[in-house]
Amino acid sequence: MFGRAREIEALLAVLDSLKPAGGRAIALVGEPGIGKSALMFTAAAQARAIGVRVAASQGQYEIAGTLPGFRPLLDDNCDVRQQVAQGTAAVVVLDDLHHLAADQIPGLERLLHASTTGPLLCLLAYRQRQLSPALAAVLSRATSAGLLEVWKLGALSRAQAGELLGEPADLEEIHREGLGNPQYLRILAADGEAIAEAGTAILGELAALDDTALAAVQAAAVLGEPFHPELLAAVAGLETAETMRVLDALTALDLVRPAEPASQLVLRHRAVGEVVYQRLEPSRRLTLHRAVAAALAKRAAPIARRAHHVARAADPDVPEHVTTLIAAARDALHASPATSAEYLEAALSLLQEDEEHWHEARVLLARTRLLTGDAAESRALLDALRPTVPGRPPQENADPTALADASRAARRLGRWSEAGAVARAGLAALVGSDCATAAALHSELAEHAYDLRDYESCRRHAGTAAAIARRNHDRVGEAKALAQMSLAHLFTADLAAAERAADGAAEIIDATSDAVLLTNLEALFQVGMAEGILGRLTAAERHLTRGAALSRRTGQTYIRPSLLMALTNSQLRCGNLLRALATLDEAARHAEFDGNPAVQAILAMLRSEALLWLNGSADLPEVLALADRAAALADGQPTAWAINVRCFHAELVLLTGEPTRAGQLLLDAAGGPDLPRIPVWRQPRCCELLAQSALAEGDPVLVEHWAQRAESAVAELPSASRRGFAGRARMRAHAMRGDLDRAVVSARAAIADFTAGGERVEVCRTLLAVAALALDVGRTEGVGGWLDRAAVLAQQCGSARLADEVAHQRGRLAAHTAQGGVGQAVLTGREQQIARLAGTGLTSGEIAGTLFLSVRTVDSHLGRIYRKLGVSNRASLTRALLSEAPGAR
């Protein structure tokens, strides 16, 4: 009874409220399989458990009785009604009421009236489409008169479907296709014999059909699509008149329903067809598929409609079957690569190695494997195609198109050097050629150069790819290459060129239909990436969301984790934390078996960031474990993604209270104090982190140095968000010198810049930072307003961590306002925590365990506390704390 807790609770409440003066009559309605019968008999079982008599009838037979049909419960001398008339509670359950015979309708009316005069709960369930006009009229009158309540059972939500099915990887698709119907969901999630088991109720509906009706249902199941009666007659081997008669009967039984356009019919749901198809004997399936293929060919139906049936009835003695399957596979390659693979496997089963079409079918099959996320299988198929020529590397023996796919597969597997070598070999085989394959290979080399941080080569290859794609009228390939150019320009600090390239790519994408975009979903990913780094977060989210939707619709899973990770990053920066976590969950499901270390590291990094802001301090161990895992995967890797992961790891270490270690980790990731591995666009954020680390160490020279570096980077490559980080670094430099007024001015500028960039988490962090700096020196002016705004942002983002920090700073503000104390006012919030714990006699190790810090960090904080308070040891610290007002203590 997944998802029916509310209805069960309501029925139990009705049972408890039965009174001698009157009961209730309730009709449960909904689609077949929605759970009407299960809900009614659950209520009946509960009634029996509390001692209430239950009389139940399902379909044509009384449950636990001896007489057929509903008649025993509807006759004039029904003992249940007599019992109710004497004041004894009872429950009558009438399932499948649509089977009620016409002469029993008066008995139903009497039963409904009886529920108004005594303690009777009458539960009905029926299919509205199968009600006779007379019965429908009676039920309508009873409803209008208040004798009958109608409860419509709705579909299960996605979460309830996941609980029912156990969260399969394709739950989204199953839930959408199954319409939230429990019966259909179970069938669509099952395989093989389990389909028939899940569809037992549907098999029961088929049991009463005669041979002709069953043949029509079987033909409809094999067709698997809306059909004209004439087509069904041809497939089932029936006369047209006989087919029409049968279809009328099946429509009355709600096994067949009208479909659009109006002249067509279709089985009630695809799940019905799945159950029927699973029960067909192999020979009957083959016969029907061949009949469908022949009938469709006779009607000159498109290849896409015929291929499904040809694949299941392929004949090696019919050459047209191979050409039909390969043509259909080409058409379906990007719209449904899994379907394309099915056609290609069927075609290859009809071909001998090196026979005509064999090589093309293998190359196409490898591409379907790549598109559906199996890069290893794709690469293996392509490698097997390369003939061996003595003295020549294997990649020099393959055709360039296959090499472009092989390079892409190697990149997906994390084999970056191999990917570059294969792409270069492909270009060598195309010397002087200006074809679309050359554009794809240059785009692959641009990607390879980007991974290795060779941004000049990336820009050069991307520019060449864009020009060739344009000449070949490949607008999507051109958009991808322009986005790659934009990224390369950003990494070489040419903002104007980066913006022009990104504008051109976005314009192409927005003017292109989904059907064309499907041919290269990497274009949407690259455009979204470029827009995200440029600070165009709304545009980035729009393009990445479109790409993810197309990936889901078509089954092109190879790109989905990348799209979703980039989308998560945009959502995190906008402060949409819960949405970001949901996006990450989807990405993780699709990347569960992905062996690419980049994907796994970035997933762990993004999840740790989302959890850091979403949750409070108690969840820090999980956050740190995820960040450490990401850093371990990135360790020793020279690629751009690895540098980014290590920079984030340093930032997280800082945010969890270890500024000294954070600074060391960041400098190590950056390649030293000159930051040679950090591109200009990222430097302001890194410099702000290093300024914060230097401030914690009490080094004014270093704080000023990093503030200046951040400002220089912004001057070279300006943007709102980068100005925000530089402004926050400058705030820390002013604070280090004790100039709070100028620190506040810098903070306000940073807040304005982060607000303009749409980065709510950073706005909130800056408000909290300037409030803490003010309270550190005993100033309260303006702090309340900053904290109020921070509280609103923390709530909007759904961040428990930021909300906790707001509460902490509000506590400090209240203490200052009430007591005017100055002894602890010079200490930061973290220093006050450590000072109070040290004053209770805890050791450094015990304090570290309590606050999830390292012992080294605790000792570093204690040294600064001693200097600020003018004490030399823990005993003096305790006396200094005790000398404060009781509230401070």
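What counts as what
- Residues numbered from 1 in each chain as written.
- Predicted model: local features only at pLDDT ≥ 70, side-chain atom pairs only at ≥ 80, totals over all residues.
- Heavy atoms only, no water.
- Helix = DSSP H or I, 4+ residues; strand = E, 2+ residues; numbered from the N terminus.
- Buried < 20%, exposed > 50% of the residue type's maximum accessible area, 1.4 Å probe, protein only.
- Contact = heavy atoms within 4.5 Å.
- Areas by Shrake-Rupley, 256 points an atom, 1.4 Å probe, with all protein chains shown as cover.
- Lys, Arg positive; Asp, Glu negative; His and termini not counted.
- Charge placed at Lys NZ, Arg CZ, Asp CG, Glu CD.
- Salt bridge = Lys/Arg side-chain N within 4 Å of Asp/Glu carboxyl O.
- Expected span 1.5 Å × (residues − 1).
- 1 Å grid on protein atoms, 1.4 Å probe; cavity = no way out; pocket = protein on both sides within 12 Å on 5 of 7 lines; lining within 4 Å.
- Points joined across faces, edges and corners; volume = space filled by probe spheres on them.
- Nonpolar A, V, L, I, M, F, W, Y, C, P; charged D, E, K, R; others polar.
- Pairing = 2+ DSSP bridges.
- Axes fitted to C-alpha atoms, helices over the stretch in contact; angles between N-to-C directions.
- Parallel < 35°, antiparallel > 145°, perpendicular 65-115°, else oblique.
- Left-handed = near helix turned anticlockwise from the far one by under 90°.
- pLDDT = per-residue confidence, 0-100.
- Arc of directions from axis to C-beta.
- Phe/Tyr/Trp six-rings, centres within 6.5 Å; stacked < 30°, edge-to-face > 60°.

1. Comments concerning the overall build of the chain
The helix and strand inventory of the chain stands at 47 helices and 8 strands. Within the chain, buried positions represent 54% of all 889 residues. Considering only intrachain contacts with a sequence separation of at least 6, the fraction spanning at least 24 residues in the chain is 65%. Here the chain displays about 36,600 Å² of accessible surface, and carbon together with sulfur accounts for 53% of that area. Taking the 91 positively charged and 102 negatively charged side chains of the chain as two groups, their mean positions are separated by 5 Å.

2. Considering the pattern of salt bridges
Applying the stated rule across the entire model yields 57 salt bridges. For Arg-6, the salt bridge identified is with Glu-7, shortest N-O distance 3.5 Å. Its salt-bridge partner being Asp-503, residue Arg-536 comes within 2.8 Å of it at the nearest N-O pair. Highlighted residues: Arg-536 in the loop between helix 29 (522-533) and helix 30 (537-554) and Asp-503 in helix 27 (residues 495-510), separated in sequence by 33 residues. By relative accessible area, Arg-536 is classed as partly exposed at 25%. Salt bridges linked by common partners bring Arg-367, Asp-405, Arg-408, Arg-411, Arg-412, Glu-444, Lys-480 and Glu-522 together as one network.

3. Thoughts on helix 39 (residues 720-736)
Between its first and last C-alpha, helix 39 extends 24 Å over 17 residues, near the 24 Å set by a 1.5 Å rise per residue. Where burial is concerned, most of helix 39 is hidden: 14 out of the 17 residues are buried.

4. Here we look at unusual backbone geometry
A positive phi angle is found at His-357, which is not glycine, with a value near 80 degrees. When you line up the elements, His-357 lands in the loop between helix 19 (337-348) and helix 20 (358-371). At His-473, a position not held by glycine, the phi torsion is positive, near 60 degrees. In this fold, His-473 is placed in the loop between helix 25 (455-471) and helix 26 (475-491).

5. Some remarks on the layout of surface pockets
To find the voids left in a structure, one rolls a probe of water-molecule size over its atoms. What the second largest pocket holds in volume is close to 1,400 Å³. Lining of the second largest pocket is provided by 44 residues; of these, Gln-692, Ala-772, Thr-828, Gly-829 and Arg-830 occupy positions nearest its centre. Secondary-structure elements contributing two or more residues to the lining of the second largest pocket are helix 35 (640-655), helix 37 (683-697), helix 39, helix 41 (760-776), helix 43 (800-819), helix 44 (829-839), helix 45 (844-851) and helix 46 (855-869). For the lining of the second largest pocket, a count of residues per class yields 19 nonpolar, 13 polar and 12 charged.

6. Some thoughts on the pairing of strand 8 (residues 264-267)
Judged from the 4 bridges that link them, strand 7 (residues 256-259) and strand 8 form a sheet pairing that is antiparallel. Looking at strand 8, one finds that Pro-258 is bridged to Leu-265. Where strand 7 folds back on strand 8, the antiparallel hairpin that results is connected by 4 residues.

7. Some thoughts on the packing of helix 27 against helix 29
Direction vectors running N to C along helix 27 and helix 29 enclose 140 degrees, while the axes themselves pass 10 Å from each other. It follows from the interaxial angle that helix 27 and helix 29 lie oblique. At the point where helix 27 passes helix 29, the crossing takes the left-handed sense. Contacts from Ala-505, Ala-506 and Ile-509 in helix 27 reach Ala-523, Leu-524, Val-527 and Glu-531 in helix 29. Split by residue class, the contact of helix 27 with helix 29 holds 6 nonpolar, no polar and 1 charged.

8. Observations regarding the confidence of the model for the chain
Predicted confidence across the chain gives a mean pLDDT of 88, with 93% of residues reaching 70 or more. Taken as a whole, residues 61-69 scores under 50 in pLDDT and shows 16 contacts with residues more than four places along the chain or in a different chain. The low-confidence segment residues 388-392, where pLDDT is below 50, has 3 contacts with residues more than four positions distant or belonging to other chains.

9. Overview of helix 6 (residues 133-144)
Between the first and last C-alpha of helix 6 there are 16 Å, a value that for 12 residues agrees with the 16 Å anticipated at 1.5 Å per step. Buried residues of helix 6: Leu-135, Val-138, Leu-139 and Ala-142, and no others. Across the axial projection of helix 6, the buried residues extend over an arc of 95 degrees, all falling on one side. Facing away from the buried surface of helix 6 by more than 90 degrees, the exposed residues are Pro-133 and Ser-144. Buried residues in helix 6 make contact with helix 5 (105-114) and strand 5 (120-126). Looking one or two residues past helix 6, Gly-146 carries a phi angle of roughly 80 degrees, positive in sign.

10. Comments concerning the packing of aromatic side chains
Following the criterion strictly, the structure yields 6 aromatic pairs and no others. Geometrically, the ring pair formed by Phe-491 and Trp-681 is edge-to-face, given 5.6 Å between the ring centres and 75 degrees between the ring planes. Of the two residues, Phe-491 sits in helix 26 while Trp-681 sits in the loop between helix 36 (659-670) and helix 37, which places them 190 residues apart along the sequence. For the pair Phe-491 and Trp-681, one class covers both residues: buried. Taken together, the ring pairs connect Tyr-450, Tyr-455, Phe-491 and Trp-681 into an aromatic cluster.

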